[in-house]
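Spelled out, the chains give:
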Amino acid sequence: MKHYLTLGIETSCDETAAAVYDSERGILSNKLFSQIDLHRIYGGVVPEVASRSHLEKINLIVQEALDAAGVKLEDIDNIAVTSNPGLAGSLLVGLCFAKGIASFDSAQDERGKKLIGVNHLEGHAFSAFLEYDIPFPHLCLTASGGHTALYLVRDFGDYQVIGQTLDDAAGEAFDKVAKLINLPYPGGPVIEKLAREMEFKDFFNYPRNKDIGLDFSFSGLKTAVLYDLVKRNAYSMETKKFTQPDNEQLKKEVASSLLVCIADIFEQKLERAFAQYPHVKAFTFVGGVACNKYIKERLRILAEKRGKAFFSPSPQYCTDNAAMIALVGNYKAKQGKFSDLSLDVFESE
Ligand code: KG4
Ligand code: ZN
């Protein structure tokens, strides 16, 4: 089969990202502009701010990805772009840009560039393949700011949800609890740092929901932390404010207890999933929350104890990126699964 190049574009939330994937050599470049500093003052992502920023940066980031890969736009065969799920206004920037390149190129050259719509979650679910060869079938836990799900993965593009969150995502629990105790957005990294200072001790024993099979629920956890803070006279329901902003010890205890609780929940689900799907050969842990070294280590130990190979991407491929979108684009191209110019964005999965 002919060797080809795929340009990946990702703008589903607050990262403007582009990457180039070579069907023989793998990932050639991975560039990104993170909008975190723009959204931090609001304590979360503001959709209007996000789409405007994507518009400003996309041209630059795509050019950076091409330059870093040492290729020209003319050399690109496929444009893989995230079409769902995500913020509609943000997704549209990436999709319109991708369609622009694809249609301009077809007008110039009848060979044209092929357009490939990619599901963002499929990107995360296969992101570990950017660095590793992973045997099928395997289980995958995707945990990010917008999604938390367990998949049974049979092959490239062939996967099934076997458990998912019924409300908030795991990353959202980190972000919301961080906000409750005046820690900056995103909450995950700072909570991990504080928890490490407390040697990952569990001070408050927050609830671990046990009775929902392989599904997850994190909104109750946030509420449990809130009520516990109220009980400790550390949060006012009237002003909706943390009333002990200088109490560093309390922040660390909350951070450590929350992290241990979420790690326990993941461990328990994974244990259950291995029991239900004993034939799987491996386990992959992906998405922004997989940057967390403590959770990663606990899940690695569990997987290996059950005889499953463990894989988790490096942090640059855990958080939102275009390399994972280009990788999915590459195998979809191999499978002949192209999109046409009627491709549209949608916010849902
Ligand atoms: O995958 P991602 O960049 O974006 C989404 O698709 O949502 O994930 C971002 C999420 C945020 O909620 C952030 O708090 C969380 O990943 N996160 C972490 C860590 N680093 C990022 N959560 C726990 N521990 C971390 N070290
Ligand atoms: Zn994501």
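Our structure's up above, just so we're on the same page.
None of the values given here were measured: they were computed from a predicted structure.

Caption draft 1: Layout of the packing of helix α5 (residues 170–180) against helix α8 (residues 248–276). Running from N to C, α5 and α8 cross one another at 170 degrees; their axes reach a closest spacing of 11 Å. Relative to α8, the element α5 lies roughly antiparallel. Contacts between α5 and α8 involve A170, A173, F174 and V177 on the former and, on the latter, V254, L258, L259, I262 and F266. The class makeup of the residues in the contact of α5 with α8 is nine nonpolar, no polar and no charged.

Caption draft 2: Broad picture of the sheet that holds strand β11 (residues 282–286). Taken in spatial order, the five strands of this open sheet run β8-β7-β6-β11-β12, and their pairing is mixed. A strand with exactly one partner marks an edge of an open sheet, and here the two such strands are β8 (158–164) and β12 (309–311). Across the sheet, the mean angle separating the axes of adjacent strands is 20 degrees when strand polarity is ignored. α8 rests against β6 (138–143), β7 (148–155), β8 and β11 of the sheet, and its axis sits at about 155 degrees to β6.

Caption draft 3: Here's a closer look at the coordination of the zinc ion (ligand 2). Coordination of the zinc ion (ligand 2) by the protein is provided by H120 (NE2), H124 (NE2) and D320 (OD), with metal-donor distances spanning 2.1 Å. Linear spacing of the donor residues for the zinc ion (ligand 2) on their chain is H-x3-H-x195-D. On the criterion of sequence distance, the pair formed by H124 in helix α4 (residues 120–125) and D320 in the loop between α10 (315–318) and α11 (323–334) is long-range, its members being 196 residues apart. Taking relative accessible area as the criterion, H124 reaches 0% and is therefore assigned buried.

Caption draft 4: View of the nonpolar core. Ranked by size, the top nonpolar core spans 58 residues in total, and within it L229, F266, F283, F285 and I295 carry the most contacts. Where this core is concerned, the elements lending two or more residues are β6, β7, α5, α6 (187–197), α7 (219–231), α8, β11 and α9 (293–305). Ranked by the residues each element gives to this core, the list is headed by α8, at 14 residues. In this structure F285 touches L141, A143, A290, I295, K296, L299, F310, F311, S312 and P313, once residues within four positions along its chain are discounted.

Caption draft 5: Local environment of α5. Within α5, eight of the 11 residues are buried, which leaves the element mostly enclosed by the surrounding structure. Of the positions making up α5, those classed as buried are A170, G171, A173, F174, D175, V177, A178 and L180. A positive backbone phi angle near 60 degrees is found at N182, which sits one or two residues after α5.

Caption draft 6: A look at the sheet that holds strand β3 (residues 26–34). Reading across the sheet, the five strands line up as β3-β2-β1-β4-β5 and stay open at both edges, with mixed pairing between neighbours. Bordering the open sheet on either side are β3 and β5 (114–119), each of which pairs with just one other strand. The average angle at which neighbouring strand axes cross in this sheet is 20 degrees, direction not considered. Strand direction decides the pairing type here: strand β1 (residues 5–10) and strand β2 (residues 15–22), joined by six bridges, are antiparallel.

Caption draft 7: Examining the layout of surface pockets more closely. Estimates place the volume of the largest pocket at around 1,200 Å³. Along its surface, the largest pocket is lined by 42 residues, and S144, G145, G146, D175 and Y185 are the ones closest to its centre. Elements that contribute at least two residues to the lining of the largest pocket include exactly β3, α4, α5, α6 and α10. Per element, the largest residue contribution to the lining of the largest pocket is six residues, and it comes from α5. By residue class, the composition of the lining of the largest pocket is 14 nonpolar, 18 polar and 10 charged. Formed jointly, the lining of the largest pocket draws a minimum of three residues from each of two domains, domain 1 (5–126 + 318–334) and domain 2 (133–312).

Caption draft 8: Region of interest: the site of ligand 1. In the region of ligand 1, 20 residues are neighbours, and G145, D175, E192, N292 and D320 sit closest. Interatomic distance of 3.1 Å between a backbone N/O atom of G146 and an oxygen atom of ligand 1. G288 places a polar main-chain atom, nitrogen or oxygen, 3.1 Å from an oxygen atom of ligand 1. In isolation ligand 1 exposes 550 Å². Once the protein is present, 89% of that is buried. Listing elements by their share of the shell around ligand 1, those giving two or more residues are α4, α5 and α6. Looking at the shell around ligand 1 residue by residue, the class counts come to six nonpolar, 11 polar and three charged. Both domains that meet at the shell around ligand 1, namely domain 1 (5–126 + 318–334) and domain 2 (133–312), each give it at least three residues.

Reading the values: rules and limits
- Residues numbered from 1 in each chain as written.
- Chains lettered and ligands numbered in written order.
- Predicted model: local features only at pLDDT ≥ 70, side-chain atom pairs only at ≥ 80, totals over all residues.
- Heavy atoms only, no water.
- Axes fitted to C-alpha atoms, helices over the stretch in contact; angles between N-to-C directions.
- Helix = DSSP H or I, 4+ residues; strand = E, 2+ residues; numbered from the N terminus.
- Parallel < 35°, antiparallel > 145°, perpendicular 65-115°, else oblique.
- Contact = heavy atoms within 4.5 Å.
- Nonpolar A, V, L, I, M, F, W, Y, C, P; charged D, E, K, R; others polar.
- Pairing = 2+ DSSP bridges.
- Donors = N, O, S within 2.8 Å, 3.2 Å for Na, K, Ca; no water.
- Buried < 20%, exposed > 50% of the residue type's maximum accessible area, 1.4 Å probe, protein only.
- Core = buried A, V, L, I, M, F, W, Y, C linked by side-chain atoms within 4.5 Å.
- 1 Å grid on protein atoms, 1.4 Å probe; cavity = no way out; pocket = protein on both sides within 12 Å on 5 of 7 lines; lining within 4 Å.
- Points joined across faces, edges and corners; volume = space filled by probe spheres on them.
- Domains from an automatic or database assignment.
- Near = heavy atom within 4 Å.
- Polar contact = N/O pair within 3.5 Å; in protein donor to acceptor, adjacent residues only side chain to side chain.
- Areas by Shrake-Rupley, 256 points an atom, 1.4 Å probe, with all protein chains shown as cover.

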